[in-house]
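Below, each chain spelled out in residue letters.
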Amino acid sequence: MTATARDDTGLHPALRRLFSALSAVERVGNRLPHPFWLFWILSGVLAVTSAVLAAANVTVTLPESGETLAVRSLLSMEGVAYTVDTALDSFAAFPALPVVVVVLMGVAVAEQSGLTAALLRTTIVRLPARWVTFAVAFAGTVAHVAFDAAFVVLIPVAALAFRAVGRSPVLGVVTAYVSIAAGYNASPLVTPSDAILASITTSAARMVDPAAVVTPLASWYWNAASSLLVAVVVTVTVEFVVRRRADLGHTGEPGTAAEAGTTDADGDTDLALAPIERRALRRAGLAALLVVAAAVAAVAPASSPLRGEGGSLVQSGLLLNVAVVVALLFALTGAVYGRTTGSVPTTGAVPGIMADGVRVIAPIIVLFFAISQFLAFFSWTRVGSVVAVGGAELLQGLDTPPLVLMLVLIAVVSVVNVLISSGSAMWSLIAPIVVPMLMYLDISPAVVQTVYRIGDSCTNAVTPMSAYFVLALGYVQRYRRDAGIGTLVSYTLPIALVLLVAWTAMFVLWYAVGLPLGPGTPVQ
């Protein structure tokens, strides 16, 4: 039997073709404008489209009310007046803005105090060496509470953890990066991403139902179960596929581990917690229990003013504004931890830490301004209603089962995500279309969001468009200096593909059984 021909680099022809395709994707993706300008370009396209449709007297009849609406031109005098008069109101009323700012203020205290890193370290070192892969993978899903800081915190810790048990630190980097990136929308805890996407979904759903609300807890049960799936899939694929690659031996250079974490006097990495850190964790845990107990006590009485209409817990003010509770939880526990260890010298330092957290997300806030204007224009012109109703009628005519539509959405999003790696930016682009359209087919906004998040997560780990892909590659190169983009893609691609199949299969089973996605959120 003739051996398959390889080039001078030793790459298999199939892998070489894959890398060529990825290089083409990278070139195309690099030509896309920054998302901020992309939304303004789309607003310009929308303005021209609305003018053409208005001139043609296009109308739409809303199925839920029977009301007939005419498309309005954004280029008319009325449209120009609208863009000027409502610019600030649209930005201020954008649901994601207050939620993200509030949550990140709390998360910043937990992250900068060292609480997040301590939790990750204690999660990893308390398990036997044979469990280190699963520990890192599951810690990656938990680390999502730290938002994008999860990459910065966990990747170097994972490399050190693998090296500490005599395994390749490259495996640690790959495991941590994939568990965070490909499993970005899976976590047993409520994360800032839950808040951002739920807010965008709410805005899109209100094009059909002005009273629609999708809370950050809408898919909590699903997200928690998904975190276990992600950890298991990453672990199995790393151990049985990635680890067996001949060039993934223990290739760490002397001293490289010290660059990524703390060291002791002998230069060896110390992942164990110091006594003061363990004491601080216990105190932070007690503070967390007090916050949770206070929240439960506040809504427990049937007559509690925090309950919703008819005494509903699902529609209670506590759950609808859970972002405030989450922010308080992280801020308080982080402050307690920091005051104990000294990383937060005084309570007066907490506001400054919160301000740093907001400063970190300044680029997101700038992007939110462009997104909020585009969504407002989309709703005001009624082009969104025309697309949603027309698309729904087309799908109804095709008589396509809802589950098939959702599987198609997963596939499309997973491909587009290679080019637009920002989950919130891509959801802002497509939510105003797919959410209303599928609502007309009796698919709830929370279910559409859940389906989107599957496709949005898996291919995050293989796209060079992500800034954190470059970060992970930098850590790989600390231990393997000849590594390049193709090296990291070759490690992450099999994990991402297996996870996409497994996660999609899990949704099909979940949907067939009819399990709720979260509190008060049925899947059918």
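What counts as what
Residues numbered from 1 in each chain as written. Predicted model: local features only at pLDDT ≥ 70, side-chain atom pairs only at ≥ 80, totals over all residues. Heavy atoms only, no water. Helix = DSSP H or I, 4+ residues; strand = E, 2+ residues; numbered from the N terminus. Contact = heavy atoms within 4.5 Å. Patch = residues over 30% accessible without salt bridge, like charges linked within 9 Å, V, L, I, M, F, W, Y side chains within 5 Å. Areas by Shrake-Rupley, 256 points an atom, 1.4 Å probe, with all protein chains shown as cover. Salt bridge = Lys/Arg side-chain N within 4 Å of Asp/Glu carboxyl O. Buried < 20%, exposed > 50% of the residue type's maximum accessible area, 1.4 Å probe, protein only. Phe/Tyr/Trp six-rings, centres within 6.5 Å; stacked < 30°, edge-to-face > 60°. Polar contact = N/O pair within 3.5 Å; in protein donor to acceptor, adjacent residues only side chain to side chain.

A few points about the environment of Trp-40
Move 1: Structurally, the position occupied by Trp-40 is in helix H2 (residues 35–55).
Move 2: When the C-alpha positions of Trp-40 and Phe-374 are compared, they lie 7.3 Å apart, and in sequence the two are 334 residues distant.
Move 3: Among all residues touching Trp-40, those that are not within four sequence positions of it are Phe-369, Ala-370, Gln-373 and Phe-377.

Some details on a nonpolar patch on the surface
Move 1: On the surface, a cluster of nonpolar side chains totalling about 340 Å² of accessible area is made up of Val-232, Val-236, Phe-240 and Val-241.
Move 2: Among the structural elements, Val-232 can be located in helix H11 (residues 220–242).
Move 3: For Val-232, a relative accessible area of 43% gives the class partly exposed.

Things to note about the packing of aromatic side chains
Move 1: Under the counting rule described, the total for this entry stands at 10 aromatic pairs.
Move 2: Ring centres 6.2 Å apart and planes at 10 degrees place the aromatic pair Phe-134 and Phe-138 in the stacked group. Here Phe-134 and its partner Phe-138 are both found in helix H7 (residues 132–142), 4 residues apart, which amounts to about one turn of the helix.
Move 3: Since its relative accessible area comes to 22%, Phe-134 is described here as partly exposed.
Move 4: Phe-138 sits in the partly exposed class, given a relative accessible area of 23%.

Observations concerning the side chain of Thr-201
Move 1: The topology assignment puts Thr-201 in helix H10 (residues 192–205).
Move 2: Judged by its relative accessible area of 0%, Thr-201 is buried.
Move 3: Here the side chain of Thr-201 touches Trp-427 through a polar contact of 2.8 Å, side chain to side chain.
Move 4: Among the polar contacts listed, one links the side chain of Thr-201 to the side chain of Gln-449, at a separation of 2.6 Å.

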